[in-house]
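Chain by chain, the residues run as shown.
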Amino acid sequence: MASSTLSGKNTLGDRAVLAIKKHFEKFLKHEADVIADSDPEALHQMRVGMRRLRSAIAGFAPAIDLPKPVQEKKIGKIARILGSLRDLDVLGESLENKYKPALPADEQEQLDTALVYLYKRRRKAFAKVHETLTGDRYQELKQALEKWLSQPQLQPIAQMPIQATLPDLLLSEVGRLLLHPGWLVGTKLQDEQVVVQTGQTPAQAKQQLIDNAPLLHSLRKETKRARYQMEVFDNFYGASYETYLEDLKAIQSILGQFQDSAVLSEFLADALQTKIEKTMPTLANLLAEHNYQAWQQWQALQQRYLNLESRKGLHLSILMPTWENVKNGQSTEHDTVLSQQI
């Protein structure tokens, strides 16, 4: 049976409420600017807030009892609508400021044509965002979450100390990440060992990216989920844990480069009704160069996380949190916010 009891201490339930409250307040902070379409950064921050809220709800699922309007899938649907608009903003900024200055005049003209097409799509995407954020379902979500935060409903396991449950929460997230099949892209089995096939030519790397685009994109999303959940508890860990977090950020960024490049190519093919290799060869070459550089960076991280010792090290860092601040009564930023809330 669910309860609404909070201890004011470091229990699993207390940390769940803290994380959900933090990310809820973050996306609310930027809501007005997104509805007004006044600041692209506000859209980015609101989207991040909703994604982190969704990750927190999924990660703390054993401890919380949320009302139906606050289910993870419903939040994910809203985040995807925001994401469609944000992706167009990122694409437009990249085309306008990153690639256009490096192109010859004839390709710049082609790009201008594509940008006109992009802005038309953006107007439609923004209309959908506006309709969503001013609609009944979104308002119901906010009201239900505000009500829950005023008196959180928690599962019995929420009374457990965070010290006893934190490794279990994080190991399940990291386990899903490390078992993702995307790690095996561009590898082979040799003497019962998984070996990364380094030294590939740009053409070979390009084909790998084409053949495995959905798999690598899925791995990026899994990396992001694990990273968000780990960041909730980074104040409980030391330097080793932070190193792994930095690796996850790098992996997410590199895999994001692959996805952004694929989206950009698909968009231009749609806008110009032809493949960019034909009409914009300079741009096509630039994308290929950037992807090849990112591919080499990816393979270095891939080798690290296919290595048994590295995987074991990540597990051990999660199993050995640093509790000195809590034991000595020193207040961390998280603890200060929690004490004000309860």
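Residues numbered from 1 in each chain as written. Predicted model: local features only at pLDDT ≥ 70, side-chain atom pairs only at ≥ 80, totals over all residues. Heavy atoms only, no water.

A. Region of the structure containing the overall build of the protein. What the protein contains, in helices and strands, is 15 helices and two strands. The C-alpha atoms of the protein give a radius of gyration of 22 Å, which matches the 20 Å a tight globule of 342 residues would have. Over its C-alpha atoms, taken along the principal directions, the protein stretches across nearly 65 × 60 × 30 Å. Taking as baseline every contact in the protein between residues at least 6 positions apart, the subset at least 24 positions apart corresponds to 80%. A total accessible area of about 17400 Å² is found for the protein, and carbon and sulfur atoms account for 51% of it. Computing the positive centroid from 42 side-chain charges and the negative centroid from 41, the protein places the two 4 Å apart. (Helix = DSSP H or I, 4+ residues; strand = E, 2+ residues; numbered from the N terminus. Rg over C-alpha atoms; globule rule 2.2 N^0.38 Å. Contact = heavy atoms within 4.5 Å. Areas by Shrake-Rupley, 256 points an atom, 1.4 Å probe, with all protein chains shown as cover. Lys, Arg positive; Asp, Glu negative; His and termini not counted. Charge placed at Lys NZ, Arg CZ, Asp CG, Glu CD.)

B. Structural context of the layout of surface pockets. By volume, the largest pocket amounts to about 1300 Å³. Around the largest pocket sit 41 residues that line it, and Arg47, Arg51, Asp87, Arg220 and Lys224 are the ones nearest its centre. Mapped onto the lining of the largest pocket, the elements with two or more residues apiece are helix H3 (40–59), helix H4 (72–99), helix H9 (213–232) and helix H10 (239–272). Split by residue class, the lining of the largest pocket holds 10 nonpolar, 14 polar and 17 charged. In this structure, the second largest pocket encloses a volume near 680 Å³. Lining the second largest pocket are 27 residues, and of these Ile210, Ser261, Ala262, Ser265 and Asn291 lie nearest its centre. No other element matches H10, which puts eight residues into the lining of the second largest pocket. Residue classes in the lining of the second largest pocket are distributed as 17 nonpolar, six polar and four charged. (1 Å grid on protein atoms, 1.4 Å probe; cavity = no way out; pocket = protein on both sides within 12 Å on 5 of 7 lines; lining within 4 Å. Points joined across faces, edges and corners; volume = space filled by probe spheres on them. Nonpolar A, V, L, I, M, F, W, Y, C, P; charged D, E, K, R; others polar.)

C. Main features of the environment of Pro67. Assignment of secondary structure puts Pro67 in the loop between H3 and H4. A sequence separation of 14 residues divides Pro67 from Leu53, and the C-alpha atoms of the two residues are 15 Å apart. Apart from residues no more than four positions distant in its own chain, Pro67 is found in contact with Ala144 and Trp148.

D. How the structure looks around empty space enclosed by the protein. Counting across every chain of the model gives two cavities of 30 Å³ or more. Every residue along the wall of the second largest cavity is listed here: Asp33, Val34, Asp37, Asp39, Pro40, Leu43, Leu85, Asp89 and Arg122. Residue assignment for the lining of the second largest cavity shows that the elements contributing at least two residues are helix H2 (31–36), H3 and H4. Across the lining of the second largest cavity, the residue classes tally to four nonpolar, no polar and five charged.

E. Broad picture of the confidence of the model for the protein. For the protein, the average pLDDT comes to 89, and 92% of its residues sit at 70 or higher. Across residues 325–342, where pLDDT falls below 50, the model places 27 contacts with residues more than four positions away in sequence or in other chains. (pLDDT = per-residue confidence, 0-100.)

F. Structural view of the pairing of strand S2 (residues 193–196). Pairing of strand S1 (residues 187–190) with S2, which is carried by four bridges, proceeds in the antiparallel orientation. Among the inter-strand pairings, Leu189 is bridged to a residue of S2, identified as Val194. (Pairing = 2+ DSSP bridges.)

G. Examining the pattern of salt bridges more closely. Inspection of every chain in the model, using the stated rule, returns 17 salt bridges. Arg225 serves as the salt-bridge partner of Glu222, at 3.1 Å between the closest nitrogen and oxygen. In this pair, Glu222 and Arg225 both sit in helix H9, three residues apart, roughly one turn of the helix. Owing to a relative accessible area of 11%, Glu222 belongs among the buried residues under this scheme. Owing to a relative accessible area of 37%, Arg225 belongs among the partly exposed residues under this scheme. The residue Glu309 makes a salt bridge to Lys312 at a minimum N-O spacing of 3.7 Å. With Glu309 and Lys312 both in helix H13 (residues 308–319) and three residues apart, the pair spans about one turn of that helix. Overall, the relative accessible area of 51% leaves Glu309 in the exposed class. For Lys312, a relative accessible area of 40% gives the class partly exposed. Residues joined in a network through salt bridges with shared partners are Asp37, Asp89 and Arg122. (Salt bridge = Lys/Arg side-chain N within 4 Å of Asp/Glu carboxyl O. Buried < 20%, exposed > 50% of the residue type's maximum accessible area, 1.4 Å probe, protein only.)

H. Geometry of the nonpolar core. Phe60, Phe233, Leu268 and Trp298 are the most contacted members of the largest nonpolar core, which totals 92 residues. For this core, the element with the highest residue contribution is H10, accounting for 13 residues. Residues within four places of Phe60 in sequence aside, it is in contact with Leu12, Arg15, Ala16, Ala19, Leu169, Gln229, Val232 and Phe233. (Core = buried A, V, L, I, M, F, W, Y, C linked by side-chain atoms within 4.5 Å.)

I. Examining the side chain of Asp89 more closely. Mapped onto the elements of the fold, Asp89 is located in helix H4. A distance of 2.5 Å separates a polar atom in the side chain of Asp89 from a polar atom in the side chain of Arg122. Residues contacting Asp89, with those up to four places away along its chain left out, are Pro40, Leu43 and Arg122. (Polar contact = N/O pair within 3.5 Å; in protein donor to acceptor, adjacent residues only side chain to side chain.)

J. The arrangement of a nonpolar patch on the surface in detail. Among the surface-exposed residues, Leu184, Leu189 and Val194 lie close enough to one another that they form a single nonpolar patch of about 290 Å² accessible area. Its location among the elements puts Val194 in strand S2. (Patch = residues over 30% accessible without salt bridge, like charges linked within 9 Å, V, L, I, M, F, W, Y side chains within 5 Å.)

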